[in-house]
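The chain contents come next:
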Amino acid sequence: MIREMRAAIFDLDGVIVDTAKYHYLAWKRLAKEYGFDFTETDNERLKGVSRVRSLEILLEIGSLNLDESEKEKMAAQKNEWYIDYIRHMDASEILPGSAEYLKTIRTKGIKTALGSASKNAPLILERLGISDLFDVIVDGNKVGKAKPDPEVFLRAANELNIPAAHCVVFEDAEAGIQAALRANMGVVGIGKPALLSEADIVIGGLWQLMVLSGE
Ligand code: BG6
Ligand code: MG
């Protein structure tokens, strides 16, 4: 299907900024405390999904069955470590071409939104100084259902007042690509084609679109 892109909806972690490595480090540290290993391959399953769901997957990997209060403690601990990693971030950690691509499409009249599962999105955008590049911000504080549920993207389209058929989602996670497809939006995968085969097209990063546009 050929669609006119009237709105672009961006995932945050792994698309605009490389926070995926900090999520990974914090989860790995938590797994170690509980006596099991957590690999980069395991980490792929956590990308794009909410903190609570991520913890459930982590516990599944470690074959642990814990009560709710212990789980809450673990999620809080992980987030504390994660915030320690991200609080020192600055604009130098914006992934190549991301800010430029956002600025370019905005000059062409295309609306922009953030569609992220992260509750830390406001802090990250503030650290990077790019909050102004989004017309609408939908993050983990605003949605109840984790990707692959399409809620986050549908809400962004709704707030932008653009029909889903004219939205294109930029995503690095399998769960996010499924969410975009369920929302009936176009989807550009960012990362390795083998892992993101359901996307309409897969690129290595937003910098590639800047090269193609010749700007
Ligand atoms: C997503 C990440 O963007 O946000 C996931 O890809 C993460 O790895 C999720 O678990 C929730 O993030 P946070 O910052 O609310 O713990
Ligand atoms: Mg992501």
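If you're wondering where the values come from, they're calculated on a predicted model, not measured in any experiment. (Residues numbered from 1 in each chain as written. Chains lettered and ligands numbered in written order. Predicted model: local features only at pLDDT ≥ 70, side-chain atom pairs only at ≥ 80, totals over all residues. Heavy atoms only, no water.)

So, on to the nonpolar core. Soluble globular proteins tend to bury their nonpolar side chains together. Counting 49 residues, the largest nonpolar core has Phe10, Ile16, Phe134, Phe170 and Leu206 as its most contacted members. Here the element with the most residues in this core is helix 1 (residues 20-33); it accounts for 6 residues. If near-sequence neighbours (up to four positions away) are discounted, Phe170 is found in contact with Met5, Ala8, Ile9, Phe10, Asp11, Val15, Tyr101, Val188, Ile190, Leu206 and Leu209. Counting residues in hydrophobic clusters, the runner-up holds 22 residues, among them Val152, Ala157, Ile162 and Ile177. (Core = buried A, V, L, I, M, F, W, Y, C linked by side-chain atoms within 4.5 Å. Buried < 20%, exposed > 50% of the residue type's maximum accessible area, 1.4 Å probe, protein only. Helix = DSSP H or I, 4+ residues; strand = E, 2+ residues; numbered from the N terminus. Contact = heavy atoms within 4.5 Å.)

As a further point, take helix 7 (residues 151-160). Listing the buried residues of helix 7 in full gives Val152, Phe153, Ala156, Ala157 and Leu160. Take helix 7 and look down its axis: the buried residues cluster within an arc of 135°, on one side only. Here the buried face of helix 7 lies against strand 1 (7-10), strand 2 (111-115), strand 3 (136-138), strand 4 (167-171) and helix 8 (174-182). (Arc of directions from axis to C-beta.)

On to the coordination of the magnesium ion (ligand 2), then. Looking at the metal site, the magnesium ion (ligand 2) is ligated by Asp11 (OD), Asp13 (O) and Asp172 (OD), spaced 2.0 to 2.1 Å from it. Each donor residue of the magnesium ion (ligand 2) belongs to the same chain, and together they define the spacing D-x1-D-x158-D. In this pair, Asp13 sits in the loop between strand 1 and helix 1 while Asp172 sits in the loop between strand 4 and helix 8, placing the two residues 159 residues apart along the sequence. Residue Asp13 is classed as buried on the basis of its relative accessible area of 14%. (Donors = N, O, S within 2.8 Å, 3.2 Å for Na, K, Ca; no water.)

Distances and angles like these do not, on their own, reveal function.
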